[in-house]
Amino acid sequence: MTRLRKKALVALFLFTLFIFGTMMGLRTLKPSDGFSDLAPGMDFAEERSDRRRPPDVVKDVVVSPVQSRLAGSDTKVIFTKSDRDYSIFYDVHIFYYLWYGSPTVDSKYIHWDHVLVPHWDPKIAASHAQGRHTPPEDIASSFYPELGPYSSRDPKVLESHMAQIEAAAAGVLVLSWYPPRVADNHGEPTEDLVPAVMDAAHRHSIKVAFHIQPYKGRTDQSMHDNIKYIVDKYGKHGAFYRFRSSTGRVLPLFYVYDSYLTPPESWAELLTTKGSHSIRGTPYDGIFVALIVEERHKHDILASGFDGIYTYFASNGFSFGSSHQNWKAIKDFCDGNNLLFIPSVGPGYVDTAVRPWNNHNTRNRVNGRYYETSLQAALSVRSEIVTITSFNQWHEGTQIEKAVPKKTVTRLYLDYQPNQPDLYLELTRRWAEHFNKEKDKWLM
């Protein structure tokens, strides 16, 4: 009897250990305090649906007006195809990057050969690999794109991307943007490519918003020049995105990355009516959405004159803003101050291909379950817009773009198996449809 009791206790202990291990594997890790000095992005499922990808020919277009406090704006387009109807939704925005290059188009690889970013602590940096990647077999990502290490300038790539975004039902592409002749630290200028993106998006009824990056020397005054440039150059394009504000004005919407780098009093000169070079009430007025990382940023954002808050990061728990548990409090703050709250969701996070020391911020995709959990968190706060991080930020492993299995002599890439390469496009479409059905219920 004693032996049986011991066996039972051992079995119970092992079962408990298994459950604990499983929960630890799936739980959301909290970030270390030290990582805030280099936030992700600064450098740079269910069973499958049996839906077929819609044919390319649009036979009819019907616009459905939004029913929320944005009454009168358009939140979706319904396409009638030969076999069925399908929609894309303009309240689902997706971050998009233009910084990739390949030898066949650009004479060299750009960004796919990204350096391994050293840790700021020399002792930690010494214990990790250094150097840079060597495409095409070794690229700066933990996943491998179905299109290979492509060029963002390749028209076929742009067309494939727009078709994938359309298939995912995301209606607004949020374009990572730098001014003319300016680039990120590891790439080259891409502003000259924007017209091709706008044209490709327009062919798929996708709108384009701008995600203004923290280029060297960005100030409230240079931002004034940037907004004027964008509106003057692209404002009349059919793909240029405009949002109907709570006052009924239809205005361009701009996301401002790392907005906290500029003090509130400087932003106020641009974004409040009494500012010395205010754009309010001018032809260059817009809806300006700031990034929240720390809790204190929400008060700075309000004082700055911004119109909304977004969270960007796909790593739940990395920052105050990216933590799902804080979204209700942020939404309540926004509601109380007439601000938009735009949560950002993602399918997972793994940036160790460029930051090999950052494994503690990895978020496993768990075959789509992490993504669905994030999407449900966004749905629960009843936001008017949701952003997806990202379509193709391959360095940080947040992409929903098609990826394929790949093994080389030195690398074994992650993939979406046992699902197909379009798993996250399908999940996004399914969720976007559900999101819009739920919004209709909120407004009844």
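Let me begin by describing the structure that accompanies this report. All figures in this text were calculated on a predicted structure; none of them were measured in a lab. (Residues numbered from 1 in each chain as written. Predicted model: local features only at pLDDT ≥ 70, side-chain atom pairs only at ≥ 80, totals over all residues. Heavy atoms only, no water.)

Side note on helix α4 (residues 155-167)
Right, so step 1: The end-to-end C-alpha distance of α4 is 18 Å, a good match for the 18 Å that 13 residues give at a rise of 1.5 Å each.
Right, so step 2: Taken together, the buried positions of α4 are occupied by Val 157, Leu 158, His 161, Met 162, Ala 163, Gln 164, Ile 165, Glu 166 and Ala 167.
Right, so step 3: Between the side-chain oxygen at the start of α4 and the backbone nitrogen of Lys 156 there is a gap of 2.9 Å, and the oxygen is on Asp 154.
Right, so step 4: Positive backbone phi, at 70°, marks Ala 169, one or two positions downstream of α4. (Helix = DSSP H or I, 4+ residues; strand = E, 2+ residues; numbered from the N terminus. Expected span 1.5 Å × (residues − 1). Buried < 20%, exposed > 50% of the residue type's maximum accessible area, 1.4 Å probe, protein only. Polar contact = N/O pair within 3.5 Å; in protein donor to acceptor, adjacent residues only side chain to side chain.)

Describing the side chain of Glu 401
Right, so step 1: Along the polypeptide, Glu 401 turns up in the loop between β12 (386-388) and α11 (423-442).
Right, so step 2: Here Glu 401 occupies a buried position and makes no salt bridge, while the nearest side chain of opposite charge, Lys 402, is found at 9.2 Å.
Right, so step 3: One polar contact links Glu 401 to Tyr 150, side chain to side chain, over a distance of 2.8 Å.
Right, so step 4: Non-local contacts of Glu 401, meaning those with residues more than four positions away in its chain, are made with Leu 147, Tyr 150, His 161, Gln 164, Phe 391, Asn 392, Trp 394, Tyr 416 and Pro 421. (Lys, Arg positive; Asp, Glu negative; His and termini not counted. Salt bridge = Lys/Arg side-chain N within 4 Å of Asp/Glu carboxyl O. Contact = heavy atoms within 4.5 Å.)

Some thoughts on the pattern of salt bridges
Right, so step 1: Counted under the stated rule, the structure contains 22 salt bridges.
Right, so step 2: Here Asp 106 and Arg 153 are joined by a salt bridge, their closest N and O atoms 3.7 Å apart. A residue pair is termed long-range when its members are at least 10 positions apart, and Asp 106 in helix α2 (residues 103-106) and Arg 153 in the loop between α3 (122-125) and α4 qualify at 47 residues.
Right, so step 3: Overall, the relative accessible area of 15% leaves Asp 106 in the buried class.
Right, so step 4: A residue is classified by how much of its surface remains accessible, and Arg 153, at 31% relative accessible area, is partly exposed.
Right, so step 5: Close ionic contact of Asp 192 with Arg 153 constitutes a salt bridge, the shortest N to O distance being 2.9 Å. Of this pair, Asp 192 sits in the loop between β4 (170-177) and α5 (194-203) while Arg 153 sits in the loop between α3 and α4, and the two are 39 residues apart along the sequence.
Right, so step 6: Sharing partners across several salt bridges, the network here consists of Arg 249, Arg 280, Asp 285 and Asp 307.

Geometric descriptors of this kind do not, in isolation, establish any biological role.
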